[in-house]
Amino acid sequence: MPYVEIIIAVLGAFALAWLADLVSGRRGLFATSLVSAVAAVAGWFLAVRVFGASTMNDWTWVLWSLAASTLALGAFFLFRSKR
């Protein structure tokens, strides 16, 4: 399977969003999914295009994208509106 890294990155980002939504008290899966997906793409961009830390054939970019997703979800819950 040539695209297994991409599939794992997408499923990992969704799993992180689902866990974050579950921990936060089910406030909105769409918002956490959106934050997680955008951060995962940003992590891929940083790893592959900006820093050149990995290529699309490595597994390193998947770790970068999941780390970026985790950081973005943390920032999302830290700075979101608390009405």
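Anything mentioned here points back to the structure above.
Calculation notes
- Residues numbered from 1 in each chain as written.
- Predicted model: local features only at pLDDT ≥ 70, side-chain atom pairs only at ≥ 80, totals over all residues.
- Heavy atoms only, no water.
- Helix = DSSP H or I, 4+ residues; strand = E, 2+ residues; numbered from the N terminus.
- Expected span 1.5 Å × (residues − 1).
- Buried < 20%, exposed > 50% of the residue type's maximum accessible area, 1.4 Å probe, protein only.
- Contact = heavy atoms within 4.5 Å.
- Polar contact = N/O pair within 3.5 Å; in protein donor to acceptor, adjacent residues only side chain to side chain.
- Axes fitted to C-alpha atoms, helices over the stretch in contact; angles between N-to-C directions.
- Parallel < 35°, antiparallel > 145°, perpendicular 65-115°, else oblique.
- Left-handed = near helix turned anticlockwise from the far one by under 90°.
- Nonpolar A, V, L, I, M, F, W, Y, C, P; charged D, E, K, R; others polar.

Bringing helix α2 (residues 29–50) into the picture now. For α2, which comprises 22 residues, the first-to-last C-alpha distance of 30 Å matches the rise-based estimate of 32 Å (1.5 Å per residue) to within 8%. Residues of α2 that are buried include every one of T32, S33, V35, S36, A39, A40, G43, A47 and V48, and no others. Contact partners of the buried residues in α2: α1 (4–23) and α3 (60–79). The first or second residue beyond α2 is G52, which carries a positive phi of 65°.

The residue T32 is located in helix α2 in this model. Exposure remark for T32: the relative accessible area of 1% places this residue in the buried category. Polar contacts involving the side chain of T32 include one to the main-chain carbonyl oxygen of G28, which spans 3.4 Å. Setting aside residues no more than four positions away along its own chain, T32 makes contact with A17, D21, L73, F76 and F77.

On to α1, then. The periodicity of an α-helix, 3.6 residues per turn, causes residues three or four places apart in sequence to face the same way. Its 20 residues place the ends of α1 28 Å apart at the C-alpha level, agreeing with the 28 Å of an ideal helix rising 1.5 Å per residue. Where α1 is concerned, the buried positions are E5, A9, G12, A13, A17, A20 and D21. On its buried side, α1 packs onto α2 and α3. Of the residues one or two after α1, G25 is the one with positive phi, at around 95°.

Running from N to C, α2 and α3 point in directions that differ by 135°, and their axes come no closer than 7 Å. Classified by the angle between their axes, α2 and α3 sit oblique to one another. Every pair of crossing elements has a handedness; the one defined by α2 and α3 is right-handed. Across from A31, T32, V35, S36, A39, A40, G43, W44, L46, A47 and V48 in α2, the residues of α3 making contact are W61, W64, S65, A68, S69, A72, L73, F76 and F77. Each residue belonging to the contact of α2 with α3 can be placed in one class, and the counts come to 15 nonpolar, five polar and no charged.

Worth remembering: the numbers are spatial, not functional.
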